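# Structural characterization, general
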Amino acid sequence: MKEFTRRELLHAAALAAATGFLPGCSPTSLGPSPEELPGYEPGKALPWRNWGGNQGCRPALRGAPSSEDELAELLRSAPGVIRPVGTGHSFSALVPSDGTLVACDLMSGVIAADRERREAEVWAGTRLHQLGPALQAQGQAMPNLPDIDYQTLAGAVATSTHGTGPRFGSLSSTVRGLTLVTPRGEIIGCSRETNPEIFDAARCSLGALGVVSRMTLANQASFDLTETTSFEPLGDLLDDVEARRDRHRHFELYAFPHTEAGMAIATDEGRGEPSPTPEFEGDPLKMARDAFRKVGGLPLVGSALYEALVLRVADMPASVRSGPSYTVLTHPRITRFREMEYTVPAEAGPLCLREILDTIRRDRIPVVFPIEYRYVRRDELWLSMFHERDGCTISLHQFVDEDYRPYFDAMERIFRKYEGRPHWGKLHGLSAAELRGLYPRWQDFLEVRESLDPEGRMLNEHLRGVFGQSA
Ligand SMILES: Cc1cc2nc3c(=O)[nH]c(=O)nc-3n(C[C@H](O)[C@H](O)[C@H](O)COP(=O)(O)OP(=O)(O)OC[C@H]3O[C@@H](n4cnc5c(N)ncnc54)[C@H](O)[C@@H]3O)c2cc1C
């Protein structure tokens with residue numbers, strides 16, 4: 001590798017460091033630009049912003065009830081459009097309202113645990129990172145988790161947030177019962193036996209039916225996991241992906257655009273010997289972007305050089321993490337980004353990913369963020385991306401300081417071809433008519449919604465667009 005300077009290699013090494021970030025890493029209408037978002041102005045209501053910094057609002061009222069009765073009273077009298085808010089980790093405009101934001105932060109923690117049935121009733125505002133240790137204290141654990149654990153339980157459930165593994169559905173599919181407080185202040189319990197129609201709508205509701213106050217989760221006995229991350233040629237990985245998916249409890253891969261490099265993350269039960277944590281200074285993904293900018297654009301040789309750098313860096317031993325399940329399944333995220341994710345039918349996953357990577361290379365789309373590829377089991381929830389279809393989820397990321405639209409727009413055209421369903425919490429440009437065509441129980445959802453919120457008090461502009469309802 002004499003042809004690369006040490007500095008270039010260090011920059012490229014950031015790609016390897018990115019493994020510390022990754023494993024566990026609105027309509028064109030794809031959302032407003034940050035300049036359009038409200039900023040702080042003395043004398044005006046405090047602005048709210050999401051994690052990705054691409055959604056914001058200036059709510060007249062922020063309510064934080066500490067009981068279901070308080071929540072019901074708040075909803076009856078709340079001004080303007082009412083939107084429930086979790087930790088703002090959605091990229092789509094589900095939350096913004098200049099009327100009322102309702103946070104369930106004060107309704108947090110485990111209410112009761114049934115050791116024999118391995119179920120736990122939990123307040124909706126509980127953060128996932130609080131839930132792991134709280135369930136462990138009861139000898140229980142959630143069977144699967146998303147990449148991160150900053151979200152609230154209710155926020156994650158409202159969008160069918162998921163992890164990876166073909167035997168595991170989304171978090172919403174593990175809900176056995178829930179309590180919903182409607183905008184009229186009714187407190188409604190629902191489960192498969194009680195109000196089953198509301199239950200099927202409310203487990204993935206986009207926060208459009210009312211505010212969920214508590215839920216009962218189907219868990220399992222607490223368990224340990226060991227996660228192994230290794231770099232491998234992407235072609236080999238994709239050829240073998242279905243076998244690996246079936247062999248491991250959890251399996252996902254990352255594809256590095258403009259290269260043949262892939263990263264496999266396989267997670268299985270039991271304790272293993274963790275490898276030492278690598279030490280890197282700075283933001284690894286931004287360093288990778290610098291490397292791409294430096295060599296990627298060189299005439300004729302640019303992409304080959306970039307690929308050689310990545311493959312060189314990727315030539316490293318596997319890394320291992322091990323511990324209680326909730327510490328291994330989730331990961332810190334240190335780089336801010338915006339994200340689009342689509343779920344395509346599981347069997348179409350490899351083909352769809354190949355087409356995405358070929359298009360990025362052919363059209364020289366400037367993206368270094370690795371593309372995440374996971375599997376999720378089907379369910380029966382009316383608005384779940386996994387409704388009656390085993391799914392393969394493909395997630396695209398772009399830095400907060402870059403315009404994601406050209407990249408996401410181009411990729412969305414591919415996802416559409418594969419009948420992809422967009423993640424409700426991530427960016428997409430589908431119309432109400434297109435969404436309706438993807439969900440057989442769409443009309444049933446709208447009818448339940450209408451019956452619980454006939455005045456449309458839960459609908460902000462984004463949700464009116466999603467459901468095709470005029471103001
Ligand atoms: C860094 C990062 C990593 C991510 N990783 C994953 C991942 O691995 N897998 C995945 O599937 N997604 C992932 N997401 C997306 C994220 O899990 C979802 O967008 C999730 O909905 C965010 O939860 P939240 O608590 O932040 O809720 P918010 O984003 O604040 O709200 C989300 C929705 O929940 C509703 N809501 C909130 N509280 C209630 C309530 N009490 N009752 C009714 N509705 C309510 C809101 O109205 C809104 O519709 C990630 C997002 C980020 C930023």
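I will try to describe carefully the structure that is included in this document.

Let us look at the overall build of the protein chain. Looking only at helices and strands, the protein chain has 14 helices and 20 strands in total. Radius of gyration (C-alpha) of the protein chain: 22 Å, near the 23 Å computed for a compact globule of 471 residues. Oriented by its inertia axes, the alpha-carbon framework of the protein chain measures out at about 70 × 50 × 45 Å. The proportion of buried residues among the 471 residues of the protein chain is 60%. Split by element, the accessible area of the protein chain, about 18700 Å² in all, is 50% carbon and sulfur. The centroid of the 52 positive side-chain charges in the protein chain is displaced by 2 Å from the centroid of its 64 negative side-chain charges.

Two strands pair when backbone bridges link them, and strand β9 (residues 175-181) and strand β10 (residues 187-191) are joined in this way by five bridges, in the antiparallel orientation. Bridge pairing links Gly 177 to Ser 191 in β10. Linking β9 back to β10 in an antiparallel pair, the connection comprises five residues, with Gly 185 at a positive phi of about 90°.

So, on to the pairing of strand β18 (residues 371-376). With six of six residues buried, β18 lies mostly within the body of the structure. Burial along β18 is two-sided: the face carrying Ile 371, Tyr 373 and Tyr 375 and the face carrying Glu 372, Arg 374 and Val 376 are both buried. Examined bridge by bridge, strand β14 (residues 250-255) and β18 share three bridges and lie antiparallel to one another. Across the sheet, residue Ala 255 finds its bridge partner in β18, namely Ile 371.

Turning our eyes to something else, we now look at the nonpolar core. Grouped together as the largest cluster of nonpolar side chains are 111 residues, with contacts concentrated most on Ile 394, Met 411, Phe 415, Trp 424 and Phe 467. The element best represented in this core is helix α11 (residues 405-417), accounting for six residues. Apart from residues lying up to four places away in sequence, Trp 424 is in contact with Ser 92, Leu 94, Thr 159, Cys 204, Leu 206, Leu 383, Met 385, Leu 435, Tyr 439, Trp 442 and Val 466. Among the nonpolar cores identified, the runner-up in size contains twelve residues, and Ala 72, Leu 74, Ala 78 and Met 107 belong to it.

Looking now at the sheet that holds strand β20 (residues 421-422). With respect to topology, eight strands assemble into an open sheet ordered β16-β13-β15-β14-β18-β19-β17-β20, the strand pairing being antiparallel. Only two strands of the sheet have a single neighbouring strand rather than two, namely β16 (319-324) and β20. Inspection of the sheet shows β14 paired to strand β15 (residues 261-269) by six bridges, in the antiparallel sense. Among the inter-strand pairings, Ala 255 is bridged to a residue of β15, identified as Gly 262.

It is at 10 Å that the axes of helix α6 (residues 234-247) and helix α10 (residues 349-362) come closest, and there the two elements cross at 160°. It follows from the interaxial angle that α6 and α10 lie roughly antiparallel. Like other packed secondary-structure pairs, α6 and α10 cross with a definite hand, here right-handed. Contacts from Leu 234, Gly 235, Leu 238, Asp 239, Val 241 and Glu 242 of α6 reach α10 at Pro 350, Leu 353, Arg 354 and Leu 357. Here the contact of α6 with α10 is composed, by residue class, of six nonpolar, one polar and three charged.

Attention now moves to the site of the ligand. Near the ligand, the surroundings consist of 36 residues, among which Pro 84, Thr 87, His 89, Ser 90 and Gly 155 are the closest. Between the ligand and the protein, one listed contact pairs an oxygen atom with a backbone N or O atom of Leu 206 at 3.0 Å. Within the complex, 99% of the 980 Å² of free accessible area of the ligand lies under protein. Elements that contribute at least two residues to the shell around the ligand include exactly β4 (82-85), α4 (153-158) and β11 (211-218). Residue contributions to the shell around the ligand peak at four residues, all from α4. Grouping the constituent residues of the shell around the ligand by class yields 16 nonpolar, 15 polar and five charged.

Basis of the calculations
Residues numbered from 1 in each chain as written. Predicted model: local features only at pLDDT ≥ 70, side-chain atom pairs only at ≥ 80, totals over all residues. Heavy atoms only, no water. Helix = DSSP H or I, 4+ residues; strand = E, 2+ residues; numbered from the N terminus. Rg over C-alpha atoms; globule rule 2.2 N^0.38 Å. Buried < 20%, exposed > 50% of the residue type's maximum accessible area, 1.4 Å probe, protein only. Areas by Shrake-Rupley, 256 points an atom, 1.4 Å probe, with all protein chains shown as cover. Lys, Arg positive; Asp, Glu negative; His and termini not counted. Charge placed at Lys NZ, Arg CZ, Asp CG, Glu CD. Pairing = 2+ DSSP bridges. Core = buried A, V, L, I, M, F, W, Y, C linked by side-chain atoms within 4.5 Å. Contact = heavy atoms within 4.5 Å. Axes fitted to C-alpha atoms, helices over the stretch in contact; angles between N-to-C directions. Parallel < 35°, antiparallel > 145°, perpendicular 65-115°, else oblique. Left-handed = near helix turned anticlockwise from the far one by under 90°. Nonpolar A, V, L, I, M, F, W, Y, C, P; charged D, E, K, R; others polar. Near = heavy atom within 4 Å. Polar contact = N/O pair within 3.5 Å; in protein donor to acceptor, adjacent residues only side chain to side chain.

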